[in-house]
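Next come the chains, spelled out residue by residue.
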Amino acid sequence: MSNDAQQPATRAITAGRSNGGRALAPTLWASSVWESTDLADANRRATKLRSTEFYGRYANPTVSSFEEAVAALEGAESSMAFASGMGAISSVVLALCSAGDHIVAQRQLYSATLAFLQGPCQRFGIEVTFVDGTKPGEFAAALRPGRTMLVIAETPTNPLLEMVDLDEIGALRGPITLVDSTFATPLGQQPLAHGVHLSLHSATKGIDGHNDATLGVVSGESDLLNHIWSYSVLHGATASPFDAFNALRGIRTLAVRTNQQAASALHIAESMQDHPAVSAAHYPGLQTHPQHDLAKRQMRHFGTVLAIDLAGGRAAAEHVLQNLHLAHVATSLGGPETIICHPRTSTHLSLTDAEAAQMGIGQGLLRISVGLEDPGDLLTDLLNALPAS
Ligand SMILES: *Cc1c(COP(=O)(O)O)cnc(C)c1O
């Protein structure tokens, strides 16, 4: 069976094996340097794009295997790994944009992405226009022909699980388009199939899936990635072989993990939205989600993260966090343990109250990354922790 005919769950098993020889598990190449046989060989290694057997900052066979697996899942010609999701985002932005250039980005972005665009980018003279990613036409209206080099979207968004229409991003002409697809995982949606140029993940999250790697990855056409590589080899946000090894191991179980986590997330979201202590539940799989139809059109599953608004505000959030016994209070997502965070005092701490209110991030908001525990146990833990009403 050709790779193209395989279902995504099968690809997650078959992909990323070309550097592995006859070993079934990934091989960890810790070496940061490779030797040459003669000067001609040394020259070939030093000048080849993304040369895997030259020097660790250029490329590494374990990292390449991880990249090959992600490319197979994303339906991409090529993928490139970075030291973190932010390493990927900052490298792509600085590879593609110069002083005087313009970026259109959505307002509902991961907080460090937002901070990067508002801080360093501004300092370097890269202008950014922020739009509401959920409103049709806002990206297109903000483009400045000849000046806009990059469009940055994120879907589903953090922490409110809002959706951006991937067809709309894919139809934009002129700039390079980038979608941060972390919350969907490569099995939840395929931005490239909608015409988007670059699909990006914090592989620290669902792709690795075990809370034991810090890693980012970008996928797209080889020419574009080679161009990004020729900047990133100088920037140096190089992926660690050990983390790529862990994440490639994680990919093998991505389908079974995300299917179970998405099913549990829907089950919990449905129970939460009917609970008197909860004023709103946010999950793209809910019929009541304002963009549920869009989610159904572009997602294979609705993701592993949901959010709830507690009617009792900050006191109620505090009550829940103090009374959980199974779920952990922490900030990441996509791992085996259920993790709950209070965005207003962690991921979205730097916002003013007015900005937070405008973004819908209140003191009663909790983000829940649903893990692999039994869904009944999880729901019991959450119901027991909620205030009486
Ligand atoms: C975590 C995350 C990032 C940043 O990734 P790191 O691996 O922490 O650098 C970017 N985007 C989204 C949506 C994330 O959840």
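I will try to describe carefully the structure that is included in this document. (Residues numbered from 1 in each chain as written. Predicted model: local features only at pLDDT ≥ 70, side-chain atom pairs only at ≥ 80, totals over all residues. Heavy atoms only, no water.)

Topic: empty space enclosed by the protein
Here the structure, examined in full by the defined rule, presents two cavities of 30 Å³ or more. The space that makes up the largest cavity amounts to roughly 110 Å³. Lining the largest cavity are 15 residues, and of these Gly16, Gly20, Pro26, Thr27 and Ser65 sit closest to its centre. Of all the elements, helix H3 (residues 61-74) adds the most residues to the lining of the largest cavity, at three residues. Residue classes in the lining of the largest cavity are distributed as seven nonpolar, six polar and two charged. Around the second largest cavity, the lining residues are Ile268, Leu324, Ala327, Thr338, Ile340, Ile368, Leu378, Asp381 and Leu382. The element best represented in the lining of the second largest cavity is helix H16 (residues 375-385), accounting for three residues. (1 Å grid on protein atoms, 1.4 Å probe; cavity = no way out; pocket = protein on both sides within 12 Å on 5 of 7 lines; lining within 4 Å. Points joined across faces, edges and corners; volume = space filled by probe spheres on them. Helix = DSSP H or I, 4+ residues; strand = E, 2+ residues; numbered from the N terminus. Nonpolar A, V, L, I, M, F, W, Y, C, P; charged D, E, K, R; others polar.)

Brief notes about the sheet that holds strand E5 (residues 176-180)
If you walk across this open sheet you meet the seven strands as E1-E7-E6-E5-E4-E2-E3, and the pairing is mixed. Where the open sheet ends on each side, the last strands, each with one partner, are strand E1 (78-82) and strand E3 (127-131). Neighbour to neighbour, the strand axes of the sheet diverge by 20° on average, direction disregarded. Contacting E1, strand E6 (198-202) and strand E7 (216-220), H3 runs over the sheet at an angle of about 130° to E1. Across the sheet, helix H5 (residues 111-118) lies against strand E2 (102-106), E3 and strand E4 (148-154), angled at about 140° from E3, the strand it touches most. (Pairing = 2+ DSSP bridges. Axes fitted to C-alpha atoms, helices over the stretch in contact; angles between N-to-C directions. Contact = heavy atoms within 4.5 Å.)

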